[in-house]
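These are the residues of each chain, in order.
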Amino acid sequence: MAKENKFDTVVVGGGAAGMMAAITASGNGGSVVILEKNKTLGRKLLMTGDGRCNVTHFGLTNREFAGLFGKEGDFLLSPLSRFGPAETMAFFENLGAELKTEPDGRVFPKSNKAQDILAALLKKLKQNKVFIFTEAEVKEIKIENDSIAEIVLADGEKIIGKKYIISVGGKSYPITGSTGDGFVWAEKLGHTIIKPRPSLVPVQVKENWIKTLSGLSFEKVKVSLSVLGKIAKKETGDILFAHFGLTGPLILNLSKDIGALMAQGKVKILVDLQPDKDQEQLEGYLQKSIEKNKKKEIKNILADFLPAKIAPYLIYFAGLKEKVKGFELKKEEREKLAKVIKKLEFNVVSLVGFDRAMVTAGGVALKEIDSKTMKSKKIGNLYFAGEIINLDGPCGGYNLQLCWTTGRIAGSAD
Ligand SMILES: Cc1cc2nc3c(=O)[nH]c(=O)nc-3n(C[C@H](O)[C@H](O)[C@H](O)COP(=O)(O)OP(=O)(O)OC[C@H]3O[C@@H](n4cnc5c(N)ncnc54)[C@H](O)[C@@H]3O)c2cc1C
């Protein structure tokens, strides 16, 4: 028997945005299909939050939330007022996926399993009798009279809808299926595409020694970005050493700035491992620790307040002997050591790229999308949802919320 091929709503891409759009559209009784090129839906969703899925971020006003998306953020004010974090949380709780809000506002499933968020969405799609066509790669979108007439799949099959929602994501982590197809289609359909760039991306650094400390994390350190010797930005947060360089929430959030600064010249990342103490206070603190432990090696004294693995490197960078003991340390050596702790220097080689970027900056230009409906201002029956739109936020649940919000609105619009 031939597959059903005519639907009220055709959703292209079965990620977070597409699933939300399909659940919403089918809730009104219309027939809905999801076309997904992977064998399963929600492949990227399963990777989110290191497998825990940071579903959203709770506790900000809509203006504060939208502000985190930069100068484009205002586009989100109206959509968030209709379906923001509180509505998203109620939606998932209603589906039986219990959530918890961490003290910093990040919201996760109580189980800490992204799988449970996906399972709740799949259950609802089933309840709403949404058709799910997997291994259904969309190859072409055909237009007649400024409206989409049909979609052609890789196997030649044609799918026809009254309304089409494009939610194929951006170009980040292409292994999950987001290979930028939507940007090509949208451009052909007359939309402006703001150049896609990797965002929330780790940073490759010149300092090879970091490899040996891969996996080491530091909480609440101060990171300064310098270009051509001038400090351009300072932020405090958590970082992680990786075999290729630096990552962790603070570095990912700064990656957009790092990318922009690289256009001006060589960028350095300066890490202050003890931001709560100024140079003098840190020297005094070291002095007191040494007095208490005169016979201890300095590396063991440092290990009392810094990860032990980094101590030998700090000693080396300060130009001290590897096994130097507390009582052997001269005043100027103490000064040097404190300086190194307060200014660990990394030279940026590059941003790692789309393969490891959590989101795509750029995408379909906002001025060509109606924020009340997510409807294209160029093509009669076309809507957009999720990462394909020219919006990207920081780490913390903001990017998934963008998907829930725009998916909800695209799915509910007539
Ligand atoms: C490692 C990682 C961790 C992350 N963690 C978080 C987090 O904890 N919290 C958060 O808020 N954000 C997080 N993000 C970002 C978040 O995952 C994305 O913003 C979000 O998943 C984008 O959803 P989407 O539905 O727009 O696109 P996607 O999830 O990319 O879905 C698009 C779907 O379209 C399909 N598709 C593409 N082309 C075609 C085609 N031609 N035909 C048919 N189907 C097609 C793809 O296969 C894919 O399944 C993370 C991202 C990564 C990579």
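Residues numbered from 1 in each chain as written. Predicted model: local features only at pLDDT ≥ 70, side-chain atom pairs only at ≥ 80, totals over all residues. Heavy atoms only, no water.

Before going further, it helps to spend a moment on unusual backbone geometry. The residue Asp146 is not glycine, and still its phi comes out positive at about 60 degrees. Tracing the sequence through the fold places Asp146 in the loop between β7 (138-144) and β8 (147-153). With a phi close to 50 degrees, Leu200 is a non-glycine residue in the positive phi region. Mapping Leu200 onto the fold places it in the loop between β10 (193-199) and β11 (203-205). The class for Leu200 is buried, based on a relative accessible area of 3%. (Helix = DSSP H or I, 4+ residues; strand = E, 2+ residues; numbered from the N terminus. Buried < 20%, exposed > 50% of the residue type's maximum accessible area, 1.4 Å probe, protein only.)

Take His191: it is sitting in the loop between α7 (181-188) and β10. Here His191 falls in the buried class, since its relative accessible area comes to 3%. Here Ser376 takes part through its side chain, which lies 2.8 Å from a polar atom of the side chain of His191. Apart from residues no more than four positions distant in its own chain, His191 is found in contact with Ala186, Val364, Glu368, Ser376, Lys377, Lys378, Leu382 and Phe384. (Polar contact = N/O pair within 3.5 Å; in protein donor to acceptor, adjacent residues only side chain to side chain. Contact = heavy atoms within 4.5 Å.)

Before going further, it helps to spend a moment on the site of the ligand. The immediate surroundings of the ligand are formed by 35 residues, with Glu36, Gly49, Ser178, Asp181 and Leu400 found nearest. Coverage of the ligand by the protein chains reaches 96% of its 1,000 Å² of free accessible surface. Of all the secondary structure elements, the ones that give two or more residues to the shell around the ligand are α1 (16-27), α2 (43-47), α7 and α13 (398-412). The biggest single contributor to the shell around the ligand is α13, with four residues. Here the shell around the ligand is composed, by residue class, of 14 nonpolar, 15 polar and six charged. (Near = heavy atom within 4 Å. Areas by Shrake-Rupley, 256 points an atom, 1.4 Å probe, with all protein chains shown as cover. Nonpolar A, V, L, I, M, F, W, Y, C, P; charged D, E, K, R; others polar.)

Our focus in this paragraph is the packing of helix α9 (residues 279-292) against helix α12 (residues 331-342). Contact pair α9 / α12: the axes reach a minimum separation of 9 Å and the direction vectors enclose 120 degrees. With respect to α12, the element α9 is oriented oblique. Taken as a pair, α9 and α12 cross one another with a handedness that is right-handed. Where α9 approaches α12, its residues Gln279, Leu282, Glu283, Leu286, Gln287 and Ile290 are matched on the opposing element by Arg334, Glu335, Leu337, Ala338, Lys339, Ile341 and Lys342. Looking at the contact of α9 with α12, its residues break down into six nonpolar, two polar and five charged. (Axes fitted to C-alpha atoms, helices over the stretch in contact; angles between N-to-C directions. Parallel < 35°, antiparallel > 145°, perpendicular 65-115°, else oblique. Left-handed = near helix turned anticlockwise from the far one by under 90°.)

Here we take up the sheet that holds strand β5 (residues 106-109). Overall, antiparallel pairing links the three strands, which are arranged β3-β5-β4 in an open sheet. Of all the strands in the sheet, the pair left with one neighbour each is β3 (56-57) and β4 (99-101). Judged from the three bridges that link them, β4 and β5 form a sheet pairing that is antiparallel. Of the residues in β5, the one forming a bridge with Lys100 is Phe108. (Pairing = 2+ DSSP bridges.)

Turning to helix α5 (residues 85-94), a few remarks are in order. Pro85, Thr88, Met89, Phe91 and Phe92 are the residues of α5 that are buried. With its buried residues spanning 155 degrees around the axis, α5 presents them on a single face. Immediately beyond the C-terminal end of α5, within one or two residues, lies Gly96, with a positive phi of roughly 95 degrees. (Arc of directions from axis to C-beta.)

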